[in-house]
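Residue-level structural notes
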Amino acid sequence: FYDSWALFGYLALVAALLALSVIDLDHLLLPNRVIYPSAAIVVTLLTIASAVSGDWGALGRAGLGAAIDFGIFFAIWFVAPSAMGFGDVRLSALLGFALGWVSWPALWLGIFLPFLLGTIGGIALAAPVVLAPMVLGAVLGWFGGIGLVESITGAEPVDPSQTRALFAVAGAVFLGAAVYLTL
């Protein structure tokens, strides 16, 4: 953003996110007193950036990004209110707006990357318990996959090594996921 008026909006966003991070770490709270003024400032500055650059498409994309991100987080909060506080839902609209202003790929990456990283972190924490069932599932899939295909189709698989690999991965994923979800 070195040559864009959007720089000011993103600097304001970084300052707000820094303050919100510190508050959230200390109090497990994202206060409206910070989110709402920050959103007003960022939206105003990015609207000015769109006006100066004549890029109204970025502003429209930002509005849609805010709505999409808010909708996704609201749905998660509605289904499982104990999973996160409503401050996270409010903040998601601001983040969706800022990421949407940049581009669609930035928005989608910003929405789904945290879920992916959280999943990887959760699996890493549960790894000692989940890895043994995954190995067992892989072994069962490797040795039982061909027999399963033969019993269902009545014929030997075209590529036995590919069938073994496919069933090994599927067995590991399904048995590991069953244990992980049970935990």
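So, here's what we can say about the structure.

Thoughts on the overall build of the protein
The helix and strand tally for the protein stands at six helices and zero strands. Structurally, the protein occupies a C-alpha span of about 65 × 40 × 30 Å along its principal axes. The buried share among the 183 residues of the protein stands at 29%. For the protein, the proportion of contacts with a sequence separation of at least 24, taken over those separated by at least 6, is 64%. Taken as a whole, the protein presents about 11,100 Å² of accessible surface, with 76% of it coming from carbon and sulfur. Between the mean site of the 4 positive side-chain charges and the mean site of the 9 negative ones, the protein shows a separation of 10 Å.

As for the environment of Thr153
As for its placement among the helices and strands, Thr153 is situated in helix α5 (residues 104-153). Note: C-alpha distance between Thr153 and Leu109 (44 residues apart in sequence) is 41 Å. A polar contact of 2.7 Å, which involves the side chain of Thr153, links it to the backbone oxygen of Val149. Separated by 3.1 Å, the side chain of Thr153 and the backbone oxygen of Ala155 make a polar contact.

Digging into helix α6 (residues 160-182)
The first and last C-alpha atoms of α6 sit 32 Å apart over 23 residues, in line with the 33 Å expected at 1.5 Å per residue. All of the buried residues in α6 are Thr163, Ala168, Gly171, Ala172 and Gly176.

Quick notes on the packing of helix α2 (residues 32-53) against helix α4 (residues 86-102)
Two elements in contact, α2 and α4, have axes separated by 10 Å at closest approach and are oriented at 15 degrees. In terms of orientation, α2 and α4 fall into the roughly parallel class. In this structure, α2 meets α4 at a crossing whose hand is left-handed. Judged by residue contacts, Asn32, Ile35, Tyr36, Ser38, Ala39, Val42, Val43, Leu46, Ala49 and Ser50 of α2 engage Gly87, Arg90, Leu91, Leu94, Phe97, Ala98 and Trp101 from α4. Across the contact of α2 with α4, the residue classes tally to twelve nonpolar, four polar and one charged.

Structural notes on the nonpolar core
Ranked by size, the top nonpolar core spans 19 residues in total, and within it Tyr10, Leu46 and Trp101 carry the most contacts. Of all the secondary structure elements, the ones that give two or more residues to this core are α1 (6-27), α2, α3 (56-79) and α4. When sequence neighbours within four positions are dropped, the list of residues in contact with Tyr10 reads Phe1, Leu46, Ala98, Trp101 and Val102.

So, the packing of α2 against α3
It is the contact of α2 with α3, at a shortest axis distance of 8 Å, that shows an interaxial angle of 150 degrees. It follows from the interaxial angle that α2 and α3 lie roughly antiparallel. Taken together, the residues of α3 that come into contact with α2 (itself represented by Thr47, Ser50 and Ala51) are Trp56, Ala58 and Leu59. Here the residues of the contact of α2 with α3 sort into four nonpolar, two polar and no charged.

Side note on unusual backbone geometry
In terms of backbone geometry, most residues other than glycine have negative phi values and most peptide bonds are trans. The phi dihedral of Leu28 falls on the positive side, at around 55 degrees, and the residue is not glycine. In this structure, Leu28 sits in the loop between α1 and α2.

Describing the side chain of Thr163
Relative to the helices and strands, Thr163 resides in helix α6. Excluding residues within four positions of it along the chain, Thr163 makes contact with Gly145, Ile146, Val149 and Pro157.

Rules of the game
- Residues numbered from 1 in each chain as written.
- Predicted model: local features only at pLDDT ≥ 70, side-chain atom pairs only at ≥ 80, totals over all residues.
- Heavy atoms only, no water.
- Helix = DSSP H or I, 4+ residues; strand = E, 2+ residues; numbered from the N terminus.
- Buried < 20%, exposed > 50% of the residue type's maximum accessible area, 1.4 Å probe, protein only.
- Contact = heavy atoms within 4.5 Å.
- Areas by Shrake-Rupley, 256 points an atom, 1.4 Å probe, with all protein chains shown as cover.
- Lys, Arg positive; Asp, Glu negative; His and termini not counted.
- Charge placed at Lys NZ, Arg CZ, Asp CG, Glu CD.
- Polar contact = N/O pair within 3.5 Å; in protein donor to acceptor, adjacent residues only side chain to side chain.
- Expected span 1.5 Å × (residues − 1).
- Axes fitted to C-alpha atoms, helices over the stretch in contact; angles between N-to-C directions.
- Parallel < 35°, antiparallel > 145°, perpendicular 65-115°, else oblique.
- Left-handed = near helix turned anticlockwise from the far one by under 90°.
- Nonpolar A, V, L, I, M, F, W, Y, C, P; charged D, E, K, R; others polar.
- Core = buried A, V, L, I, M, F, W, Y, C linked by side-chain atoms within 4.5 Å.

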